[in-house]
Each structure stands twice: as C-alpha cells, then as structure tokens.
Number of protein chains: 2
Amino acid sequence: MSQPLDIAVIGATGSVGETLVQILEELEFPVGTLHLLASMESAGSSVMFAGKKVRVREVDSFDFSQVKLAFFAAGPAVSRSFASKAHAAGCSVIDLSGELEHAVALVPEANPEQVAGLSLPALITSPSASAVALAVALAPLKGLLDIERVQVMASLAVSAQGKEAVGELARQTAELLNARPLEPRFFDRQIAFNVLAQVGAVDAHGHSAVERRLVKELRALLDMPALKISVSCVQVPVFFGDSLSVAVQSRGPVDLGAVNQALEAAASIELVEADDYPTPVGDAVGQDVVYVGRVRHGIDEPEQLNLWLTTDNLRKGAALNAVQVGQLLLKHRL
Amino acid sequence: MSQPLDIAVIGATGSVGETLVQILEELEFPVGTLHLLASMESAGSSVMFAGKKVRVREVDSFDFSQVKLAFFAAGPAVSRSFASKAHAAGCSVIDLSGELEHAVALVPEANPEQVAGLSLPALITSPSASAVALAVALAPLKGLLDIERVQVMASLAVSAQGKEAVGELARQTAELLNARPLEPRFFDRQIAFNVLAQVGAVDAHGHSAVERRLVKELRALLDMPALKISVSCVQVPVFFGDSLSVAVQSRGPVDLGAVNQALEAAASIELVEADDYPTPVGDAVGQDVVYVGRVRHGIDEPEQLNLWLTTDNLRKGAALNAVQVGQLLLKHRL
Ligand SMILES: NC(=O)c1ccc[n+]([C@@H]2O[C@H](COP(=O)([O-])OP(=O)(O)OC[C@H]3O[C@@H](n4cnc5c(N)ncnc54)[C@H](OP(=O)(O)O)[C@@H]3O)[C@@H](O)[C@H]2O)c1
Ligand SMILES: NC(=O)c1ccc[n+]([C@@H]2O[C@H](COP(=O)([O-])OP(=O)(O)OC[C@H]3O[C@@H](n4cnc5c(N)ncnc54)[C@H](OP(=O)(O)O)[C@@H]3O)[C@@H](O)[C@H]2O)c1
C-alpha cells in the first residue's frame, strides 16, 4: 500500500469532477488530504468523500505546493491558467482538458510504458473520452492488423459538454412533450429529438476541437504518429454514454476469429456477441469497461474491420481513466 | 399535361403512404381514380385527397388491372406477395421496400437515363432514404472526383421503421420523464435518450438489411458496380429526418471550391455554409431537398472529402422520390 498522497481536484462540482471524487473512493486511492476546488460560484458548498463532507474552495487562492497530485477537470481555461502554476509548485498534473501542449497522453491499457520516461512532477493528459475508448479497443489489435486508416464517427452524449448541457436536454424534452415553445439556451438550437452535425465550433478548415483532439491523442496513444484518422463527432440527444462507429482499414485480410479472441482477452473490454449489441443506456453507463460489438468485415471487404464501441464518457472516458493514470504514476514513481 | 392515370397506393395509411398521397396532390400528379389500399385493419377508414375522402380498401381483394401505376409502401412482405401480381396485370410498379430482385433503382437526380431503357409495365425501386440522399449528393460530384471509397455512418430516425416506432419513442420518452418504469415494445430495449447500434436484425456476416440495401442501391444509382462502400446504420432517438456522416476517399486531392460549386448548382441540394450546419429538426424535415453541410477535407488528408447530409426520410427519402420517379416515367413512356 502506497503512502497517502495529498491531492487536489479542480472542477470538483462538475460532471467529471464529482465522478472523479467517487472513483478515488471506490478504487481506494491512497488519499491523504483531499482539496476540492471550483469557481467562486460553488465555493462554500461541500462534496462527500469517504463518509465526510469536504468543503469546496476557490481555485484562485489555492496554494498548489500543499499537494503532490492535481486532477484538472474544470475546462480548458482553468487548465491554461493554473496547471503550469501547479506544476511549477512541484505538483504532478493529470489534466482532462487536452489544453496542455507538452503533457503526455496516457491510457493505461494502451501506452503504460510511457510512465517510465516521465520526469517528476509529471504533466499528463487524460485524453478525450472518444480517444480513451478507441485506444482501449485498438491497442489489443495493433499487433494483429496492419492498420492503414481508422475511420470514426462518434455520437457524443450531451454530458460530454458538462452539467449545463445535461440540464438543457432534459428541459427541452419536457417543453416539447408539453407542447410549450422551445427556447434553446446552452445549444444554439433544438437538441431534443435532433442530431447536431458538430460538437462545438469548427475552425477555418471545418474541424471541431474535439475532432482535432481525438486525432492527435489517438496517434500518440497508439504510438502511430502518421496514422490516417478520419473523424466526425456529432451531438446526439443522449444524456450519458458515447457511441463510436469505427472502420479500421487494414493492409491485409482481417482474421475476425483472432480479433474476437484479442478483444475477449482484454480486461477493460466487454465484448458483446454477434446476436446482440451494446448501447450506452443499459450497458455502458455506470460501467468501467469499453463495450465492443458489431465486430464484422466491411461489406465485400475482408480488409476492413468494423466495430461499434460504447463507453461511459464520465467514467472510463474521463474520471476513471484519470484515476487509473494516477494509480500507474503511484506504482512507478510518485 | 399528361392524361390522368388510375393509380393505387398500397400502404396508404402508413407514414410513407400518407406522405405519398399528400405529395401526389402537392405536385399535381395527373391522378384519375386513386385506389388506397392497406391491410384488413385499416380497411374502411378514409384518407383525404384533393379535398375528397377516399375510402381505404384491403389489398388482398384488389384487381390490379384497374390501374396503370401502383406505389408499394406497405413493407417487404406485401411487395413480395402483390407486386408481381400487379406487374402481371399490366401495372407499372414503384416499390419502396427494396424487395424486388429485378426492379431498377431510380433517383431522378442520379440516373434518370435509366428510364429510357425500361420496358412497360415497369418494375422500379425507389431506394432506401439513405441511398436517395447519398445519390443526390454524390451524383454532382462523380465527374469531379476519382472516387475510391465511400464511407457512411447513417443515423436513422425512428420513422424509418414506420408509425409504430414513432409512437414508441414518444411513449418511452414520456414514461422516463414521468419516472415511470420503462417497458420497451416495438424496439427490444430503451430507444429514448439512447443509440441502438443496428437497425433491424443482422445476417450471419453482421450486416443489417438496411446496410446491404444501401450498398446495392448506391452502386446501381451511381452506376459504379464495384464501388467500395462501407456503411453502418444506427438508430437514434429522433422522430423524423435521417442524418449521414460521409467520407469520400478520392484518388487525388479534392478541390473543395469545385465541390462547393457543384453542390450549390444542384437543384435538389441545399448547401449550408461552413459557419453553420443543417440538422433534421429545423432544416430537413418537411423540405424536399437534401441538406449538405460540413464540407471539408479529412484532417491532414486533402484526398478525403467529408460531408454531412440530412434529409426528410419520408419525403425525399421515400414518398417524394417515388412520385418524382412516377413523373419521370410519365414524361418518358407511360
Ligand atoms: N464530460 C465529459 O464527458 C468529459 C470527458 C473527458 C474530459 N472532459 C473534460 O473535463 C473537464 C470538465 O468537464 P465537465 O463535463 O465536468 O464540465 P462541467 O460539468 O461543466 O463542470 C465544470 C467544473 O469546472 C468548474 N469551473 C468552471 N469554471 C471555473 C473557473 N473559472 N474556475 C474554477 N472552476 C471552474 C465548475 O465549478 P463551478 O461549480 O464553480 O461552476 C465545475 O466544477 C473539461 O475540461 C472537459 O473537456 C469531460
Ligand atoms: N419510413 C421510411 O423512412 C421509409 C423510407 C423508404 C422506404 N420505406 C419503405 O416504405 C414501406 C412502408 O414504410 P412505413 O414507414 O410507411 O411503414 P408504416 O408506417 O408501418 O406503414 C405500413 C403500411 O403498410 C400497411 N400494411 C402493413 N401490413 C400490411 C398487409 N399485410 N397488407 C396490406 N397492407 C399492410 C399498413 O396498413 P395498416 O394501416 O392496415 O396496418 C400501413 O399502411 C416499407 O417497405 C419501408 O421499407 C420507408
């Protein structure tokens, strides 16, 4: 058992932050003092941890030299403002925003060996939920397939955009069912019973930040810097759980038997047989694994492998992966 | 103006059939006597056409020699049982089920020239909604791109599975919002706030009938019998309007300016500029065009063209295309 560590969770009142605090408890992470931080708005509220109420404080006035490890789950702006401050104060940072240029993307199932090369204090990214799911599913297949291209269509839950987005889907749905006029607030239009073609704004080339982040992180996680990855992220009216339709183009025929065997053997994957399929609600949500189903060739194309992934975006996609990275860090170095 | 034609609509009380009767009126199709047919269940009910009530009768006892043209919109089993009977009685058939082996798939925007080669009475398929949308969007690009592969992820509305599916999404959503226990009926699990990885059952190779149908029909419509098409169709909690995320792999760099120009020039396409994007609700539903947005290269891949399509699955995807095929048939031969 490791020595207890003093820890900070930034964004502790958010979707990811709340889940993270729960998971620290569930996995019996060796926590010494736990500092929960958020904005002025939530300062003073409290969150339960290990049977005790922990007061939430403002991040602005926090002295990061008090902690050895900080989880940043308060969005890009907060990571930009405070992560390097924390790091300079001698604190290892596990960031969930993807905003830290020099941080190393880590998913224990995909690239655990990267931990050995880190200098302390470490600067680590827990990748986007889609990148985590893809890395978990593709890492066991890397040795089996000569991968030429990965094509991804990700249908993201509204919780991928935080608590407010969850409230907005519930509110819009209730208004529509009660035949009241719809007034979009968080999203710029109706999300209830609709599909939005993009998640967040797009850049001059038409790509959204989540799409660019996924490509960058997946290449790093699979250690395939030149991998062709084609990706579209869309917003579906689902509260929790991301779904990914994936086509892997291989340079030779895909042996489905071997693929199924490798997926079956992976501890963080729940493989669903061909007569069934996994869904976010009912399967993935609340679970710690990546569900994989619809394992098949392309139509008339034995060189193509098709997969369907679904995962809890707040757990394995975010909070759980971050805590597991923390465990890895503890085991090796911290 | 053509001579009025005596016409039958089979499945006139269904989602597609009702829309079809409306569109015959909207487009002033030259209808003589209109025969509306369905199952025993709806026989005796009536549907409005051109200001008059038309009684619905049972298809089983209908004499097809009374009509010159029949639209089949009552599902695969009915097409299998009655379409060849109708055809043998001298009636041209426009089938929406995709079940007729020797029928020619037609989308006026894609392969109108096929009409000239038909012998009468004609046996025609109005393709699946996704195949129609793809054909409309890709036909203007065929001359511009050296297409190697088309990758499609289709998010289908529940209405793609008929009236009962629409009712089920509404019922499930209301039950969830009222915190009542959920009992799936039409779908085998929760569809509200969920995504189902497949639409209908899959075959021994893992492909669903809608996926196989899309590949077969799109190859025919584009007259590219060997085109590589990779497709996943999933079910989203949307009432009306299909959405397609499309990646077209070209053998050379894609000229986005030329692509935008070709799409802009196509009469059945509404091109949405890069600072916006189209959605089923709010844009496509109730409209007669295919909406195209998010026109962009792949990330780091100028040889890839990405598109987002959305279309009213009951109108351009089904009823409207069928009536437009009827117009083409009239103009050329019937
Ligand atoms: N949601 C996902 O599926 C997911 C997956 C992977 C990564 N992530 C990343 O995780 C982070 C948090 O996402 P979320 O979904 O948990 O968002 P959220 O539900 O909106 O929560 C945001 C959290 O950040 C805090 N915060 C906001 N502005 C702040 C400020 N100026 N100073 C201090 N704290 C501030 C909020 O505190 P208050 O209560 O004081 O407002 C709240 O605790 C984001 O970087 C996101 O990209 C999310
Ligand atoms: N929905 C779409 O987006 C879409 C798009 C393209 C093509 N299609 C195709 O269009 C067809 C109809 O789909 P839909 O969505 O309109 O389905 P739907 O709403 O369920 O309607 C089915 C229609 O078929 C009739 N019917 C069912 N069983 C019958 C039987 N044994 N004998 C006679 N009539 C029978 C029903 O009549 P009762 O009222 O008597 O039951 C009803 O009029 C299907 O082949 C479908 O594949 C649908």
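Keep in mind the model is a prediction, meaning the values are calculated, not measured.

A. Summary view of the relation of the copies chain A and chain B. With an axial shift of 0.0 Å and an RMSD of 0.0 Å, the rotation relating chain A to chain B amounts to 180 degrees. The operation mapping one copy onto its partner corresponds to a two-fold rotation axis. Comparing interface residues between copies, 100% of those in chain A also lie at the interface in chain B; the contact surface is shared.

B. Fine view of the packing of helix H1 (residues 15-26) of chain B against helix H8 (residues 315-332) of chain B. Residue and element names in this part refer to chain B. One way to put it is that H1 packs onto H8 with a least axis distance of 9 Å and a crossing angle of 50 degrees. With respect to H8, the element H1 is oriented oblique. In the packing of H1 onto H8, the handedness of the crossing is right-handed. Facing H1, whose interface residues are Val16, Thr19, Leu20, Gln22, Ile23, Leu24 and Glu26, H8 presents Arg315, Ala318, Ala319, Leu320, Ala322 and Val323. Across the contact of H1 with H8, the residue classes break down as nine nonpolar, two polar and two charged.

C. Seen up close, unusual backbone geometry. Residues and elements named next belong to chain A. Omega for the peptide link from Leu120 to Pro121 comes to -10 degrees, which places this bond in the cis form. Relative to the helices and strands, Pro121 is located in the loop between strand E7 (104-105) and strand E8 (123-125). Positive phi outside glycine occurs at Ala179, with the angle close to 55 degrees. As for its position among the elements, Ala179 is in the loop between helix H4 (163-177) and helix H5 (209-221).

D. Representation of the environment of A:Pro278. With respect to the helices and strands, the residue A:Pro278 is situated in the loop between strand E12 (269-271) and helix H7 (280-284). Distance from A:Pro278 to A:Ser15, taken between C-alpha atoms, is 23 Å for residues 263 residues apart in sequence. Those residues in contact with A:Pro278 that lie beyond four places of it in its chain are A:Val272, A:Asp283, A:Tyr291, A:Val292, A:Gly293, A:Trp308, A:Thr310 and B:Ala197.

E. Local environment of the pattern of salt bridges. A complete count under the given rule lists 30 salt bridges over all chains for this structure. Here A:Glu211 makes a salt bridge to B:Arg294, at a shortest N to O gap of 2.8 Å. With A:Glu211 in helix H5 and B:Arg294 in strand E13 (residues 290-298), this residue pair bridges two chains. Here A:Glu211 falls in the buried class, since its relative accessible area comes to 0%. Residue classification places B:Arg294 among the buried residues on the basis of a relative accessible area of 6%. In this structure, the salt-bridge partner of A:Asp276 is B:Arg189, at a minimum N-O distance of 2.8 Å. Of this pair, A:Asp276 sits in the loop between E12 and H7 while B:Arg189 sits in the loop between helix H4 (163-177) and helix H5 (209-221), which puts the two residues in different chains. By relative accessible area, which is 33% here, A:Asp276 ends up partly exposed. Classification of B:Arg189 as buried rests on a relative accessible area of 15%. A single salt-bridge network, built from bridges that share partners, covers A:Glu26, A:Asp288 and A:Arg315.

F. Representation of the packing of helix H3 (residues 129-138) of chain B against H5(B) in the model. Residue and element names in this part refer to chain B. Contact pair H3 / H5: the axes reach a minimum separation of 9 Å and the direction vectors enclose 30 degrees. Taken together, the axes of H3 and H5 lie roughly parallel to each other. Viewed along their axes, H3 and H5 form a crossing whose handedness is right-handed. Across from Ser130, Ala131, Leu134, Ala135 and Leu138 in H3, the residues of H5 making contact are Leu214, Glu217, Leu218 and Leu221. Its residues assigned to classes, the contact of H3 with H5 shows seven nonpolar, one polar and one charged.

G. Highlighting the packing of aromatic side chains. Under the counting rule described, the total for this entry stands at eight aromatic pairs over all chains. With a centroid separation of 5.0 Å and an interplanar angle of 90 degrees, the aromatic rings of A:Phe62 and A:Phe64 are classed as edge-to-face. This pair shows no difference in class: A:Phe62 is buried, exactly as A:Phe64 is. Centre to centre, the rings of A:Phe64 and A:Phe72 are 5.9 Å apart; their planes meet at 20 degrees, and the pair counts as stacked. One exposure class covers both A:Phe64 and A:Phe72, and it is buried. Each member of the aromatic cluster is reached from another via a ring pair, and the members are A:Phe62, A:Phe64 and A:Phe72. The side chain of A:Arg189 reaches across the aromatic face of B:Tyr277, ending 3.8 Å from its centre.

H. Summary view of the confidence of the model for chain A. Residue-level pLDDT values for chain A average 96, and 99% of them are 70 or greater. Listed scores for the predicted complex are pTM 0.96 and ipTM 0.95.

I. Here's a closer look at helix H3 (residues 129-138) of chain A. Burial analysis of H3(A) places ten of its ten residues in the buried class, which makes it a mostly covered element. Turning to H3(A), its buried residues are A:Ala129, A:Ser130, A:Ala131, A:Val132, A:Ala133, A:Leu134, A:Ala135, A:Val136, A:Ala137 and A:Leu138.

J. Looking closely at the site of ligand 2. Residue and element names in this part refer to chain B. Residues in close proximity to ligand 2 total 24 residues, the closest being Thr13, Val16, Ser39, Ser42 and Ser159. At a separation of 2.6 Å, an oxygen atom of ligand 2 approaches a polar side-chain atom of Ser39. Measuring from an oxygen atom of ligand 2, one finds a backbone N or O atom of Gly75 at 3.2 Å. Contact with the protein chains covers 77% of the free accessible surface of ligand 2, which is 890 Å². Secondary structure elements with two or more residues in the shell around ligand 2: H1 and H8. For the shell around ligand 2, the per-class residue count stands at eleven nonpolar, twelve polar and one charged. Each of domain 1 (5-128 + 318-332) and domain 2 (132-313) accounts for three or more of the residues forming the shell around ligand 2.

K. Geometry of the interface of chain A and chain B. Opposite the 59 residues of chain A that make contact, chain B presents 59 residues. Interface of chain A and chain B: buried area, both sides summed, is about 4,800 Å²; carbon and sulfur atoms make up 53% of it. A per-residue breakdown of the area chain A buries against chain B is headed by A:Phe193, A:Tyr277 and A:Ile299, which together make up 16% of the total. Scanning the region where chain A abuts chain B turns up eight salt bridges. Across the salt bridge formed by B:Glu301 and A:Arg149, the nearest N and O atoms sit 2.6 Å from each other. Where chain A packs against chain B, one counts 28 residue pairs in polar contact (both at pLDDT 80 or more). Counting only elements with at least two residues in the side of chain A that touches chain B, the list comes to strand E9 (147-156), H4, H5, strand E10 (228-235), strand E11 (242-250), H7, strand E13 (290-298) and strand E14 (301-311) of chain A. Top contributing element to the side of chain A that touches chain B by residue count: E10(A), with seven residues. For the side of chain A that touches chain B, the class distribution of residues is 26 nonpolar, 20 polar and 13 charged.

L. Up close: the UniProt feature "domain: Semialdehyde dehydrogenase NAD-binding" (unreviewed entry) in chain A. What UniProt calls "domain: Semialdehyde dehydrogenase NAD-binding" (unreviewed entry) maps, in this numbering, to residues 6-118 of chain A. For the annotated span residues 6-118 of chain A, helix accounts for 22% and strand for 30% of the residues, and the straight-line distance between the end C-alpha atoms is 20 Å.

Conventions adopted
- Residues numbered from 1 in each chain as written.
- Chains lettered and ligands numbered in written order.
- Predicted model: local features only at pLDDT ≥ 70, side-chain atom pairs only at ≥ 80, totals over all residues.
- Heavy atoms only, no water.
- Least-squares fit on C-alpha atoms with pLDDT ≥ 70 in both.
- Contact = heavy atoms within 4.5 Å.
- Axes fitted to C-alpha atoms, helices over the stretch in contact; angles between N-to-C directions.
- Helix = DSSP H or I, 4+ residues; strand = E, 2+ residues; numbered from the N terminus.
- Parallel < 35°, antiparallel > 145°, perpendicular 65-115°, else oblique.
- Left-handed = near helix turned anticlockwise from the far one by under 90°.
- Nonpolar A, V, L, I, M, F, W, Y, C, P; charged D, E, K, R; others polar.
- Salt bridge = Lys/Arg side-chain N within 4 Å of Asp/Glu carboxyl O.
- Buried < 20%, exposed > 50% of the residue type's maximum accessible area, 1.4 Å probe, protein only.
- Phe/Tyr/Trp six-rings, centres within 6.5 Å; stacked < 30°, edge-to-face > 60°.
- Lys NZ or Arg CZ within 6 Å of the ring centre and 35° of its normal.
- pLDDT = per-residue confidence, 0-100.
- Near = heavy atom within 4 Å.
- Polar contact = N/O pair within 3.5 Å; in protein donor to acceptor, adjacent residues only side chain to side chain.
- Areas by Shrake-Rupley, 256 points an atom, 1.4 Å probe, with all protein chains shown as cover.
- Domains from an automatic or database assignment.
- Buried area = accessible area lost by both parts, 1.4 Å probe.
- UniProt positions renumbered as here; feature names shortened; annotations may be inferred.

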